[in-house]
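Each chain, letter by letter, is given below.
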Amino acid sequence: MGKDIVLENITKKFDKIVAVRDMNLQVNEGEFVCFLGPSGCGKTTTLRMIAGFETPTKGIIRYKGEVINDVIPQKRNFGIVFQSYALFPHMTVRENVGFGLKMRKVPKSKIDSRVDELLELVGLSDQKKKYPPELSGGQQQRVALIRSLATYPEILLLDEPLSALDAKIRVNLRAEIKRVQTELGITMIYVTHDQEEALSISDRVIVMNRGFIEQVDKPIEIYKNPKSRFVADFVGTSNFFEGELKKHTVVNDKTGISFNVTSDALKAAGAASGAVTLSIRPEKIVLLSDGKNVPADFDRANIKKGTIEVVTFLGVIVRSLVQLAGQRIIVDITETEFEERRISMRDTVSFYFPPGDFLAFRGEGA
Amino acid sequence: MMNRQEELTIKPVRTVLPDQVVAYIIISVIFVYFLFFLLYPLVQILKTSITTESGFTLSNYVEYFGKARIRRSLWNSFYVASITTIITTIMAFLVAYAITRTTIRGKSFHKSVSSLPLMAPSVVQALALISLFGRNGLITNWFSGKWDIYGAPGIIISEIFYCFPYALLILITTLSAVDTRMNEAAESLGAGPLTVFSRITIPSARYGIFSAAALAFNLTITDFGNPIVIGGNYNVLATEIYTQVEGMQRFDLGATISVILLVPAVLAFVLNNYFTKRNYSLISGAARPFLRPSSISKKALFSTISFIISGAIVIIFLTILWTSIVDVWGGRSGESKQILKWLTSFSTRHYNFAHRGRSISVVWTSFWISIIVALFGGWLTLITGYIVEKRKPHGNQLLYLITVLPAAIPGLVLGLGYILAFVKVNWLYYKASIIILNIIVANFTLGMLSTMTNMKNIDKSVDEAATSLGADLPKSFFQVIFPLSRISFWNNVLFFFERSMVTISAVIFLVSPKTQLASITIIHLIDDGYVESACAMSTIVVGIVVIVHVIFLSIFKKKGIKIM
């Protein structure tokens, strides 16, 4: 697989605000990558630099090995899909899709057949004479998608393309974008703040925060092995405990709470002592039954008592907010378990924190 | 799978110049235009006022403040402008209140009548006053009046009706945007109607009121048409500039008075801008609840006020029309008391301008100059608005500031600056070209601001989508932005046309016997004592503007349905 886009030491400043800091990244041919991060993290700025709408303050952008910093957007032949669809409201669907080909002076008959072919691809053949405002949001974004594909772009850039749509349409269209990508084998760079979207469709996820790349990995790795407290917090839900690491125990002097952790869990922190932050996913915390014996392989030091504050029913899982050692944590149990235990608010129950399910990050705070 | 073979038939996009370069070229052209036709003339004014052949001097200023007669013009201007401002603001507030907060009938009548003065040269008010209250006026004759309308009272009354529609527009916008639920909350807490009015309604609209007042002050102090016609011996700054330059050939003193006039004019403009911004920040987007039916006494009060004011405006225009078609206004000798008789002996002779030493061809000149101004002005504001708002090249903030400046400069001052600056430029001096360039600059601000509003409503991504699909700046502009800005564009074309047809102060120094305009001819006709013919010319100008306006509006209506 060849490298399609390479970003080398890219920095982008707007006046005094640094939007992107010293970024390095490779995107491979035919790959589907997602930029994921909160608003203002620099993901859209990065996409706009690749598109050619912004010029990097420092650094080099390469496309197939050639530096394209100064290539104007019109010559890059990268398709772009915008959050607001950005369809031309005064042109029919057919004229919208054919616009890029018209700009390239392609004969009308060829434009027509290409437009028909694309409309078929997304099942909108019967809508071609309509104007964009007459279509639903989902249909409009489909039109925007094929409009950007009409000129056989080498790369497709999508800037939060589904943010303006309803939840259900979003899921459908997401699958459709993925299908089109696989079918055409085109490189796609996708920007979103929706972690579910990023994890479900991309080959690799680039998590960004404050202009920095926090982690580049496959979706499952991002979730299972976040490399920083930010990623653990932003992708999925995590509980955090701050403390001092001594051998395999993390102690918080203020709250008096301590947890034993395994060596595997400490890998990310890469140190044997000092200030660390532990994180653990809500579903990894085990709710212990009263009266029953604790399994022999449980590390008794990691059993803590907490008071249930709020119980929220979320469908398959039940989420509890628990007051534990002076902080509020989130514990998820299955609906079946919830039925069996019949826990209710203000109950005090024991929880087990498996030492191997922690992840430790160096330092305190985010 | 797609047939990748076809890809070969697609040629890459051909672009002549990168968009940024195109944007810089356009921005530079506009910059140069404003440099030569706004900043340079203003510098010439300042320079003329403080230099003689021997160098720097303040003698002109000493002379201005030394001569009691000339010095009075400053005081007179402030006096007239202050009184006009107070009365106009109160009147406009009452009518705006009637239109937005009561359930009186005839709201659309009041609105359309009050837009009439915007379509007329700022001389018709004074002209109508002369026809009614002048030495041989209808009402003067009727009541054997001995009053003298010439002077401060005449100027003030004319200016009130000239400024009224501008103030009304601001106050209608303000009052219809302020959340009326505040009033209801106050009422529910036990406040009586007068308390609500003085403690809630007026304070919540205060920035709109200040903004309207500042605009009225600016309009009055810079107006030339009305005071020159009805001022008599009562000189204001604007008329004094004209007297010094045209009468005495004292360009230096004219320039000096111009600088003095610039100070209050710019100040009022800055205040107006400031209050407008504050006003918009107060306006809430909250939905307005249904307007409850007003009490009968409230309706009676506000209907009466509104109809008196609208009626006065209608009378102004009817008087102009009537005066122009009556054989002899005031009747032939001995007929002055038989009012009905002379009011019904009609004649078209006042439309024969050749008998008055003038020519009907000025209408044609005004018309074609206005069409050129309209098209150039429309395109220029659209292109500038597009580049500044959507392409944001470096320096666009500076350009924006410069394009806002003309609204602060009195037309008369800019016109004098043109004469001082371009006296040696053959293709400009006393040619149509200088008039066209001047009217576009003088009215650029409002056209530009409305374009910017329109541009802000067009999603930036639409422009970028066109770019990413291969359209360069001109293609994106003509194929995407222009079709989406049609209404705003034609609105601006109409605006420039109307301003060009009715402007007096901006062009009074720029016309010549060869290139004469209809609006200026009105002034000359009055000067020569032909009030009826001046009314005839006014009727023609207003008629053309109203007809063009109506044609545009009906086309908008048809197109509006198609576009939405």
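Residues numbered from 1 in each chain as written. Chains lettered and ligands numbered in written order. Predicted model: local features only at pLDDT ≥ 70, side-chain atom pairs only at ≥ 80, totals over all residues. Heavy atoms only, no water.

## Re the overall build of chain A
What counts here: Numbered from the N terminus, helices here are DSSP runs of H or I no shorter than four residues, and strands are runs of E no shorter than two. Summary of the burial criterion: residues with accessible area below 20% of their type's maximum are buried, those above 50% are exposed, and those between are partly exposed, where the area comes from a 1.4 Å probe applied to protein chains only. By the convention used here, residues are in contact when the closest approach between their heavy atoms is within 4.5 Å. For the purpose of counting charges, residues Lys and Arg are taken to be positive, whereas Asp and Glu are taken to be negative. His and the chain ends are not included. By convention, charge coordinates are those of NZ in Lys, CZ in Arg, CG in Asp, or CD in Glu.
Helix and strand counts for chain A come out as 11 helices and 20 strands. On the principal axes, the C-alpha backbone points of chain A span a range of 80 × 45 × 35 Å. Of all 366 residues assigned to chain A, the portion counted as buried reaches 51%. Residue pairs at least 24 apart in sequence account for 68% of intrachain contacts in chain A once pairs closer than 6 positions are excluded. Taking the 51 positively charged and 47 negatively charged side chains of chain A as two groups, their mean positions are separated by 4 Å.

## Quick word on the layout of surface pockets
Rolled over the atoms, a probe sized like a water molecule indicates the empty space that remains. How we decide: Of the grid points, spaced at 1 Å and generated over the protein atoms alone, those admitting a 1.4 Å probe that cannot get out make up cavities, while open sets with protein on both sides within 12 Å along at least five of seven lines make up pockets; any residue with an atom within 4 Å of a point is treated as lining. Grid points are joined across faces, edges and corners, and a volume is the space filled by probe spheres set on the points. Residues are grouped as follows: Ala, Val, Leu, Ile, Met, Phe, Trp, Tyr, Cys and Pro are nonpolar; Asp, Glu, Lys and Arg are charged; all remaining types, including Gly, are polar.
Taken as a whole, the second largest pocket spans an internal volume of roughly 1,100 Å³. Forming the walls of the second largest pocket are 32 residues, and the residues nearest its centre are A:Phe53, A:Glu54, B:Gln20, B:Arg391 and B:Lys392. Where the lining of the second largest pocket is concerned, the elements lending two or more residues are strand S1 (3–14) and helix H2 (73–76) of chain A together with helix H1 (19–50), helix H16 (361–391) and helix H21 (460–468) of chain B. Counting residues per element, the lining of the second largest pocket draws most heavily on H1(B), which supplies 5 residues. For the lining of the second largest pocket, a count of residues per class yields 10 nonpolar, 8 polar and 14 charged.

## Brief notes about the sheet that holds strand S4 (residues 58–63) of chain A
All names here are of chain A. What counts is decided by this rule: Pairing between strands requires that DSSP locate at least two bridges from one strand to the other. Angles here are taken between N-to-C directions and fall from 0 to 180 degrees, while the axes themselves are lines fitted to C-alpha atoms, restricted in helices to the stretch in contact.
Spatially, the 4 strands line up as an open sheet ordered S2-S1-S4-S5, and their pairing is antiparallel. Unpaired on one side and paired on the other, strand S2 (17–28) and strand S5 (66–67) mark the two borders of the sheet. In terms of strand pairing, S1 meets S2 through 8 bridges, oriented antiparallel. What sits directly across from Val6, in S2, is Gln26. Its contacts with the sheet place helix H1 (residues 43–51) against S1, S2 and S4, and it is angled at close to 120° to S1.

## Looking at the interface of chain B and chain A
Our working rule: Note on terms: buried area is the combined drop in 1.4 Å-probe accessible area of two parts once they are placed together, counting the loss on both. Whenever Lys or Arg places a side-chain nitrogen within 4 Å of a carboxyl oxygen from Asp or Glu, that contact is recorded as a salt bridge. Two N or O atoms form a polar contact when they lie within 3.5 Å of each other; inside protein one atom must be a possible hydrogen donor and the other a possible acceptor, and for residues adjacent in sequence the pair counts only when both atoms belong to side chains.
Counting residues at the interface gives 33 residues for chain B, matched by 36 residues for chain A. Buried area between chain B and chain A, both sides added, is near 3,000 Å², and the carbon and sulfur share of it is 62%. B:Glu464 is the partner of A:Arg48 in a salt bridge, and the nearest nitrogen-oxygen pair spans 2.7 Å. Run the count over chain B and chain A and you get 8 residue pairs in polar contact (both at pLDDT 80 or more).

## With respect to the side chain of A:Asn96
All names here are of chain A. Turning to its location among the elements, Asn96 is positioned in helix H3 (residues 93–103). Its relative accessible area of 0% is what places Asn96 among the buried residues. Not counting residues within four places of it along the chain, the set of residues in contact with Asn96 comprises Leu87, Phe88, Met91, Pro132, Val143 and Arg147.

## Quick look at the pairing of S4(A)
Residues and elements named next belong to chain A. Here 5 bridges tie S1 to S4, and the two strands are oriented antiparallel to one another. Residue pairing for S4: Val6 is matched across the bridge by Arg62. Looking at chain direction, S4 and S5 are connected through 2 bridges and run antiparallel. What sits directly across from Tyr63, in S5, is Glu66. From the end of S4 to the start of S5, which pair antiparallel, there are 2 residues, and Lys64 there has a positive phi angle of about 50°.

## Describing the pattern of salt bridges
Scanning the model with the defined rule gives 32 salt bridges over all chains in all. Between A:Asp112 and A:Lys108 there is a salt bridge; the shortest N-O distance is 3.1 Å. Linking A:Asp112 with A:Lys108, this pair stays in helix H4 (residues 108–121), spanning 4 residues, or about one helical turn. When the shortest N-O distance is used, the salt bridge between B:Asp327 and B:Arg349 registers 2.7 Å. Residue B:Asp327 is found in the loop between helix H14 (296–325) and helix H15 (339–344), and its partner B:Arg349 is found in the loop between H15 and H16; the two are separated by 22 residues along the sequence. Look at B:Arg349 and you get partly exposed, because its relative accessible area is 33%. Through salt bridges with shared partners, a single network forms among A:Arg48, A:Glu54, B:Lys460 and B:Glu464.

## Points about H1(A)
Because each turn of an α-helix spans 3.6 residues, side chains separated by three or four positions end up pointing in the same direction. Residues and elements named next belong to chain A. By the criterion of burial, H1 is predominantly enclosed, with 8 of the 9 residues buried. Taken residue by residue, H1 has Lys43, Thr45, Thr46, Leu47, Arg48, Met49, Ile50 and Ala51 as its buried positions. Two residues or fewer past H1, Gly52 is found with a positive phi of approximately 100°.

## Some thoughts on the sheet that holds strand S16 (residues 303–313) of chain A
All names here are of chain A. Read from one edge to the other, the open sheet built from 5 strands follows the order S15-S19-S16-S17-S18, with strand pairing classed as antiparallel. Looking along the sheet, the strands with just one partner apiece sit at the ends: strand S15 (286–287) and strand S18 (327–334). Note that strand S17 (residues 317–324) and S18 share 8 bridges and pair antiparallel. What sits directly across from Arg319, in S18, is Asp332.

## Looking at the pairing of strand S11 (residues 239–246) of chain A
Residues and elements named next belong to chain A. With 8 bridges connecting them, S11 and strand S14 (residues 273–280) associate as antiparallel partners. For Gly243, the partnering residue across the bridge sits in S14 and is Val276. The turn linking S11 back onto strand S12 (residues 249–251) is made up of 2 residues, and Lys247 within it adopts a positive phi angle of 55°.

## As for the packing of helix H5 (residues 124–133) of chain B against helix H7 (residues 152–177) of chain B
All names here are of chain B. Worth spelling out the cut-off: An angle below 35 degrees is read as roughly parallel, one above 145 as roughly antiparallel, one from 65 to 115 as roughly perpendicular, and any other as oblique. Crossing handedness follows the turn of the near helix against the far one: under a right angle anticlockwise gives a left-handed crossing, and clockwise gives a right-handed one.
Closest axis-to-axis distance for the H5/H7 pair is 8 Å, and the angle between their directions is 130°. Regarding the angle of H5 to H7, the classification is oblique. The way H5 lies across H7 gives a crossing that is right-handed. Every residue of H7 that contacts H5 at Gln125, Ala126 and Leu129 is listed here: Gly154, Ile157, Ser158, Phe161 and Tyr162. In the contact of H5 with H7, the residues fall into 5 nonpolar, 3 polar and no charged.

## Some thoughts on the nonpolar core
Formally: Grouping buried Ala, Val, Leu, Ile, Met, Phe, Trp, Tyr and Cys residues that are joined through side-chain atoms within 4.5 Å yields what is termed a nonpolar core.
B:Ile241, B:Ile435 and B:Phe509 are the most contacted members of the largest nonpolar core, which has 158 residues in total. The dominant element in this core, judged by the number of residues it contributes, is H7(B), at 15 residues. Once residues lying within four places of it in the same chain are set aside, the contact partners of B:Phe509 are B:Ile241, B:Tyr242, B:Val245, B:Glu246, B:Leu412, B:Gly415, B:Leu416, B:Ile419 and B:Tyr430. Listed in part, the 45 residues of the second largest apolar core include A:Val93, A:Leu121, A:Ile177 and A:Leu184.

## Observations concerning a nonpolar patch on the surface
Note the threshold: To count toward a patch, a residue needs a relative accessible area over 30% and no salt bridge; like charges are then connected within 9 Å, while nonpolar side chains (Val, Leu, Ile, Met, Phe, Trp, Tyr) are connected within 5 Å. Here the Shrake-Rupley method, with its probe set to 1.4 Å, supplies the accessible areas, and only the displayed protein chains count as covering residues.
Among the surface-exposed residues, B:Val16, B:Leu17, B:Val21, B:Ile25 and B:Val29 lie close enough to one another that they form a single nonpolar patch of about 450 Å² accessible area. Residue classification places B:Val29 among the exposed residues on the basis of a relative accessible area of 54%.

## Considerations on the packing of aromatic side chains
Note the cut-off: Here a Phe, Tyr or Trp ring, Trp counted by its six-membered ring, pairs with any other such ring whose centre lies within 6.5 Å, and the pair is stacked when the planes are under 30 degrees apart, edge-to-face when over 60, and tilted otherwise.
Tallying each qualifying case throughout the model produces 51 aromatic pairs over all chains. Ring centres of A:Phe353 and A:Phe358 lie 6.3 Å apart, and the angle between their planes is 10°; this geometry places the pair in the stacked category. Exposure remark for A:Phe353: the relative accessible area of 0% places this residue in the buried category. Pairing B:Tyr33 with B:Phe37 gives two aromatic rings, centres 5.6 Å apart and planes at 65°, and the pair type is edge-to-face. Placement of the pair is B:Tyr33 and B:Phe37 together in helix H1, with a separation of 4 residues, close to one helical turn.

In short, geometric facts, not functional conclusions.
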